[in-house]
Amino acid sequence: MSTKKRYDELRSARWMAPDDFRSFGHRSRTMQMGYGPEDWEGKPIIAVVNTWSDAQPCHAHFKDRVEWVKRGILQAGGFPMELPALSLSESYVKPTTMLYRNLLAIETEELLRSHPVDGAVLMGGCDKTTPGLVMGALSMRLPFIYLPAGPMLRGNYAGQVLGSGTDSFKYWDERRAGAISKEQWHGIEGGIARSYGHCMTMGTASTMTAVAEAMGLTLPGASSIPAADANHQRMSASSGRRIVEMVWDDLTPDKIVTKTAIVNAVTVAMATGCSTNAIIHLIAMARRAGIPLELDEFDRIGRNTPVLANVRPSGKVYLMEDFFYAGGLRALMKQLGDKLDHSAMTVSGKPIGEGLDEVRVFNEDVIRPLSNPVYHEGSIAVLKGNLAPDGAVIKPAACDPRYYTHAGPALIADSYDELKQIINDEDHPMTPDTVLVLRNAGPQGGPGMPEWGMLPMPKALLKKGHRDMVRLSDARMSGTSYGACVLHVAPEAFVGGPLALLRNGDMIELDIPNRILNMRVSDDEVERRRGEWSPRLPRYERGYGFMFSRHIEQADKGCDFDFLRNDFGAPVPEPEIN
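All of the points below concern the structure found in this document.

Conventions used here
- Residues numbered from 1 in each chain as written.
- Predicted model: local features only at pLDDT ≥ 70, side-chain atom pairs only at ≥ 80, totals over all residues.
- Heavy atoms only, no water.
- Buried < 20%, exposed > 50% of the residue type's maximum accessible area, 1.4 Å probe, protein only.
- Helix = DSSP H or I, 4+ residues; strand = E, 2+ residues; numbered from the N terminus.
- Pairing = 2+ DSSP bridges.
- 1 Å grid on protein atoms, 1.4 Å probe; cavity = no way out; pocket = protein on both sides within 12 Å on 5 of 7 lines; lining within 4 Å.
- Points joined across faces, edges and corners; volume = space filled by probe spheres on them.
- Nonpolar A, V, L, I, M, F, W, Y, C, P; charged D, E, K, R; others polar.
- Axes fitted to C-alpha atoms, helices over the stretch in contact; angles between N-to-C directions.
- Contact = heavy atoms within 4.5 Å.
- Salt bridge = Lys/Arg side-chain N within 4 Å of Asp/Glu carboxyl O.

Our next topic: the pairing of strand β10 (residues 435-438). Burial along β10 is two-sided: V435 and V437 facing one way and L436 and L438 facing the other are all buried. Judged from the 4 bridges that link them, strand β9 (residues 405-413) and β10 form a sheet pairing that is parallel. If you follow I412 over to β10, its bridge partner there is V437.

Right, dumping it as structure tokens:
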């Protein structure tokens with residue numbers, strides 16, 4: 001049995017325990033807030049990193065949930081310290097929250113380092129908050145537990161169930177095609193997001209909270225609980241209680257986030273029908289933990305892991321609320337059987353497989369068995385070729401099978417403004433075989449690799465009844481999106497990747513079964529074009545964007561800053577207290 005930490009071994013004791021002038025100041029200022037020695041003496045101080053804000057609808061309930069977390073911490077004999085952090089609202093932050101994911105990671109790491117805390121509860125859920133918080137906490141290496149915001153309730157309009165994001169894209173195409181009225185559009189607008197919580201499709205938010213649970217960073221079952229369900233309040237308090245025990249047990253993230261845990265997380269992500277964004281975030285999270293993770297490993301695992309979650313957009317009918325009622329993520333883990341390593345440790349202090357034999361699947365149409373999957377392979381395929389030597393991704397389960405093998409002429413937009421001119425021109429020359437291309441939308445070009453990759457269908461094809469085509473970019477797309485969209489082309493065009501050398505009319509070859517993405521252009525012609533290519537002007541000349549542009553890595557490396565990798569430089573020492 002492991003030895004419990006003593007109070008004098010706690011990190012916070014360096015601030016609060018010594019009989020010296022500086023600690024006098026720490027104690028007196030704590031008493032200034034109305035606390036007394038009995039509140040902190042002999043107790044671990046727990047940071048509650050809260051991404052609530054008035055501009056974050058997905059986390060609107062965190063103003064309440066933080067009090068449940070604090071209740072749990074107090075019940076277990078800890079002292080809570082709430083620390084606000086960037087809320088990164090996917091809805092409002094422009095040009096993209098991806099520009100600021102690493103900033104949240106920096107903020108999280110430095111909040112934990114600079115304050116007198118022994119462990120942390122991380123409160124997130126909306127797309128980039130999960131990886132941002134986890135990346136920062138992994139770099140700081142204190143015990144932490146992740147508290148997912150939970151999905152919102154199903155949308156509803158005129159008796160029809162609506163899925164956030166997925167149905168927004170669907171009905172926007174119908175609106176542009178003139179198939180629905182302004183009044184209907186406004187009705188959908190008011191019915192598609194009916195409660196607090198993140199998107200209730202299997203988008204990036206639901207994917208990344210599932211990834212956090214599969215990695216062992218949440219309490220069992222935490223990621224599936226709808227935000228408006230009373231179970232969410234109980235889970236919040238339980239997370240507060242558990243982190244106190246984790247501190248005394250010195251259950252640090254290096255004992256949880258191992259190679260085994262990362263492989264489990266990739267496997268679960270593939271089985272959920274995950275967002276393509278999961279690849280970028282998982283690579284970044286793994287590298288923060290010092291664990292190498294390459295694109296090829298996603299493809300290898302994906303080829304042997306079918307999609308089991310029949311949840312939109314990979315599924316056709318169900319949403320996350322249905323997934324919860326069907327048994328939630330633990331039920332999906334049970335269905336995966338020996339595809340998961342059940343020995344991986346979790347924040348509960350128990351292996352991830354413990355208790356799975358007692359889990360029940362209540363609806364096998366929502367959470368399918370291996371014998372009846374939604375899609376026979378994993379959610380994401382990794383493509384390579386002379387157009388994407390470092391890789392690109394596509395979500396086969398969410399696109400029309402007729403595009404699994406395709407060749408067509410490129411129609412290129414060098415900016416989103418150019419793209420809008422193409423897609424809004426009802427008479428723009430193109431056919432259903434055309435491959436619509438957006439470039440200069442990657443990590444540096446976007447800037448920040450915005451979610452522009454589900455390029456809107458051109459009106460010229462919509463009016464003829466077409467609702468999908470092959471689309472290609474160095475951007476990302478929302479995890480709630482769907483269609484034959486090739487994404488994350490690396491290296492990106494802005495830094496001179498082969499995509500920058502593509503020309504209108506060049507034939508693009510897509511072969512998903514063989515994982516090929518090529519432009520049918522000779523090597524000699526590619527080199528000739530490279531000699532003519534000129535770098536674009538930098539997006540930023542000052543501020544955070546200036547730093548971002550100089551240190552951001554490409555999509556296949558996780559889009560982290562190069563100086564934040566686990567292998568960059570010596571570990572940062574504890575702060576001096578003088």
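The discussion continues.
Turning next to empty space enclosed by the protein. The rolling of a water-molecule-sized probe over the atoms marks out the regions of remaining empty space. Tallied over the full model, the rule gives 1 cavity of 30 Å³ or more. Approximately 40 Å³ is the volume attributed to the largest cavity. What lines the largest cavity is I279, I280, L295, G391, A392, V393, H488, A555 and D556. Looking at the lining of the largest cavity, the elements that each hand over two or more residues are α12 (277-288) and β8 (388-394). Considering every element that reaches the lining of the largest cavity, the biggest residue donor is β8, with 3 residues. Tallied by class, the residues present in the lining of the largest cavity amount to 6 nonpolar, 2 polar and 1 charged.

This brings us to the sheet that holds strand β3 (residues 119-124). Hydrogen bonds between backbone groups are what pair the strands of a sheet, and the pairing can be parallel or antiparallel. One open sheet holds the 4 strands; their spatial order is β2-β1-β3-β4, and the pairing between them is parallel. Only two strands of the sheet have a single partner each, and these edge strands are β2 (79-84) and β4 (144-148). Sheet twist, expressed as the average angle between the axes of neighbouring strands with direction ignored, equals 20°. Relative to β3, strand β1 (residues 45-50) runs parallel, the two being bridged by 5 bridges. Each bridged residue has a counterpart across the sheet, and for V49 the counterpart in β3 is L122. On top of the sheet, helix α10 (residues 230-249) reaches β1, β3 and β4; it is set at about 175° to β4, its chief contact.

The next thing to look at is the layout of surface pockets. What the largest pocket holds in volume is close to 1,300 Å³. For the largest pocket, the lining is made up of 44 residues, of which E90, S91, G165, S168 and F169 are closest to its centre. For the lining of the largest pocket, the elements supplying multiple residues, two or more each, are α7 (166-176), α8 (182-191) and α9 (204-214). The element that contributes the greatest number of residues to the lining of the largest pocket is α7, accounting for 4 residues. By residue class, the composition of the lining of the largest pocket is 23 nonpolar, 14 polar and 7 charged.

With that settled, the discussion passes to the pattern of salt bridges. Per the stated rule, a full pass over the model turns up 45 salt bridges. Measuring nitrogen to oxygen at the nearest pair gives 3.8 Å for the salt bridge that ties K5 to D250. Of this pair, K5 sits in the segment before α1 (13-16) while D250 sits in the loop between α10 and α11 (259-272), placing them 245 residues apart in sequence. Of the charged contacts in the structure, one is a salt bridge between E297 and K259, with a shortest N-O distance of 3.0 Å. Placement of E297 in helix α13 (residues 295-303) and of K259 in helix α11 is noted, with a sequence separation of 38 residues between them. Overall, the relative accessible area of 33% leaves K259 in the partly exposed class.

Function cannot be read off these values alone, since they describe shape.
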